[in-house]
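Residues per chain, in single letters:
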Amino acid sequence: MKKKYLTWAGIISAVVLISMFIVISLTTFPSPFLFPAITIDPITSMNVDDNNMMILTGTTTLPLDSYIDIKVSALPQYVTGGDVSGKTTATGNTQIISGAGGSNRWNGFVDISQLQPADYMITLATIAFTENFTMVERDPIATQHFTLGDENAGPGSIRKKTVIKKPFIRVNAIDEKETGNRETITGITSLEPGTSLLWMTEEIGNETGSGLQCPRGTTNVEPGTENVNRWSVVFDTVHMRPAHYRISVTDNTGNNTQEITPEGGISAVSEFNLTPPVPGTKNTTDPLGTSSRFVTIDTLPDMRIHDIYLITGTTSLPPGEDLLVQVYPSSFRTDYDFTINPKDKTQGGSFSGAMGGVRIVNGSGVENLWSFELRTYLMDPSIYEVNVSNDKIDFQPRETIPGDVFSSKKFTLKG
């Protein structure tokens, strides 16, 4: 019986295969011999939350600093019936989370609220950014089908939900005030313009019966922006003594069945200090206590991950101008450059936040309005800061052009 010898090509192939096996078996990082891969977990009705966001998850061999683009497109086979006036495409955002054994996890979300009933294909592709921030999309590496149905659709179809927003009243932050002035306190609400609000002030800790000197009354809700409307009350502090006060605001239409709470239901409270006037000084601010050029941030709601919130405020800047809104962890405030790619996870860890430009719209009187939608689906629980300014970003030299107005406010994003 003759012996069989491996050819040199066979020997080389065997060595390569053994090397690949060792690399795949021993390393916890994606092997350079493997092609990028992504899996998409099964999609059911449980993937759609109360905001009609479709939450997608899966695994990938891509490293943490990769970017995955989500596209949802309708196929020609439409589901019969239903509203056909909506959109047929949508895009989403993703993030990659460190995993074990060389396989990372990824999650993302797509807003399906405007999509019409149809058969859809989800396509995942990797993207890269050039030096001038141009996005380059690679070939698709994963796809999955789902059916978005209406009320007549059969089993297996995904259905949108009726979004229910809880009504609220919030009181904006109140600075320390002096007696002898005419003061204004403002706030926001989801209640319709023209709704009557009942407000009252009371001295905290006073049991002597002098509460009759505390102002109270009613005010009407004024139009705002993006269904966030506004209210304000004006009162004289001449007959109020220096003390710590509370203001309560509640729905005056008889529909209020909730207790007054600091967090804001359809009633809310806030506290402020009233101090004696400083001799030799005079109140030279306008009724709102602001300078001639300003931007403000309204009281923020109690925020949690995996939800959508509308941040609003006022400004003296004219309608049509733009504001820059940045939301970032407080620890990044002094050492993170937002003019460079804010999603770069190779420079000091994973970044969690949001940034965007908003257009100023008409308000009432000297105040104009702005709003910014914050989606917390890809944000980590932490203490964040909202910064609003009229700064400009020049992407060519990667520099920020400072403006002359800004405002900031901190909040805790809960898990």
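As the structure is a computational prediction, the values presented were derived from the model and not from experiment.

J.: Looking at this structure, I do not really get the nonpolar core. What am I missing?
T.: When a protein is soluble and globular, its nonpolar side chains tend to lie buried together. Formed by 24 residues in total, the largest nonpolar core has its most connected members in Met-54, Val-72, Trp-106, Ile-122, Leu-124 and Phe-146. Among the elements of the structure, strand S1 (53–60), strand S2 (67–74), strand S3 (89–97), strand S4 (104–111), strand S5 (118–129) and strand S6 (135–149) are those that each provide at least two residues to this core. Take this core: its biggest share by element is four residues, from S5. Leave out the neighbours within four places in its chain, and Ile-122 touches Ile-40, Ile-43, Met-54, Leu-56, Ile-70, Lys-71, Val-72, Ala-142, Thr-143, Gln-144 and Phe-146. Counting residues in hydrophobic clusters, the runner-up holds 22 residues, among them Tyr-309, Ile-360, Trp-370 and Tyr-384.

J.: Help me understand the packing of aromatic side chains in this model?
T.: Pairs of aromatic rings are described using the distance from one ring centre to the other and the angle between the two planes. Across all of its chains, the model carries six aromatic pairs by this definition. Taken together, a centroid distance of 5.7 Å and an interplanar angle of 15° make the contact between Tyr-384 and Phe-411 stacked. On the criterion of sequence distance, the pair formed by Tyr-384 in strand S22 (residues 382–389) and Phe-411 in strand S25 (residues 406–414) is long-range, its members being 27 residues apart. Judged by relative accessible area, Tyr-384 falls into the buried class, the value being 0%.

J.: Got a minute to help me understand the environment of Ile-112 in this structure?
T.: Tracing the sequence through the fold places Ile-112 in the loop between S4 and S5. We classify Ile-112 as buried; its relative accessible area is 1%. Sequence separation of Ile-112 and Thr-91 is 21 residues, and the distance between their C-alpha atoms is 9.3 Å. When sequence neighbours within four positions are dropped, the list of residues in contact with Ile-112 reads Val-48, Asn-52, Met-54, Leu-148 and Lys-160.

J.: What's the story with the sheet that holds S4 in this structure? I'm lost.
T.: Through backbone hydrogen bonds, the strands of a sheet pair up, either in parallel or in antiparallel fashion. What the seven strands build is an open sheet, ordered S1-S4-S3-S2-S5-S6-S7; its pairing is mixed. Both outer strands of the open sheet, S1 and strand S7 (158–159), are each paired with one neighbouring strand and no more. Pairing analysis gives four bridges linking S2 to S3, with the strands arranged antiparallel. Note that in S3 the partner of Val-72 across the bridge is Ala-90.

J.: Would you mind showing me how to read the pattern of salt bridges here?
T.: Should the charged atoms of two oppositely charged side chains come close, the side chains can pair. Summed over all chains, the structure comprises 13 salt bridges. Among the ionic contacts, a cluster of salt bridges with common partners joins Asp-111, Glu-373 and Arg-375.

J.: Sorry if this is basic, but what is going on with the environment of Asp-119 here?
T.: Summarising the element assignment, Asp-119 is placed in strand S5. Exposure remark for Asp-119: the relative accessible area of 15% places this residue in the buried category. As a C-alpha pair, Asp-119 and Ser-157 span 38 residues in sequence and 9.2 Å in three-dimensional space. A polar contact is formed between the side chain of Asp-119 and the side chain of Thr-147, at a distance of 2.8 Å.

Definitions and cut-offs
Each chain carries its own residue numbering, running from 1 in the written order of its sequence. Two thresholds apply to this predicted model, a pLDDT of at least 70 for residue-level local features and 80 or more for giving and counting side-chain atom pairs, whereas whole-chain, interface and lining totals are computed over all residues. Computation of side-chain values: all heavy atoms of the structure, hydrogens and water removed. Throughout this description, the term nonpolar core refers to a set of buried Ala, Val, Leu, Ile, Met, Phe, Trp, Tyr and Cys residues connected via side-chain atoms within 4.5 Å. Working definition: with a 1.4 Å probe on protein chains only, accessible area under 20% of the residue-type maximum means buried, over 50% means exposed, and in between means partly exposed. Going along the chain from the N terminus, every DSSP run of H or I of four or more residues is numbered as a helix, and every run of E of two or more is numbered as a strand. Whether two residues are in contact is decided by their heavy atoms, any of which lying within 4.5 Å being enough. Two aromatic rings, drawn from Phe, Tyr or Trp (for Trp, its six-membered ring), form a pair once their centres lie within 6.5 Å of each other, and the interplanar angle then sorts them: stacked below 30 degrees, edge-to-face above 60, tilted otherwise. Criterion used throughout: strands pair if DSSP finds at least two bridges between them. Every case where a carboxyl oxygen of Asp or Glu lies within 4 Å of a side-chain nitrogen of Lys or Arg is listed as a salt bridge. Side-chain atoms alone can form a polar contact between residues adjacent in sequence; in general such a contact is a pair of N or O atoms within 3.5 Å, and within protein one must be able to donate a hydrogen while the other accepts it.

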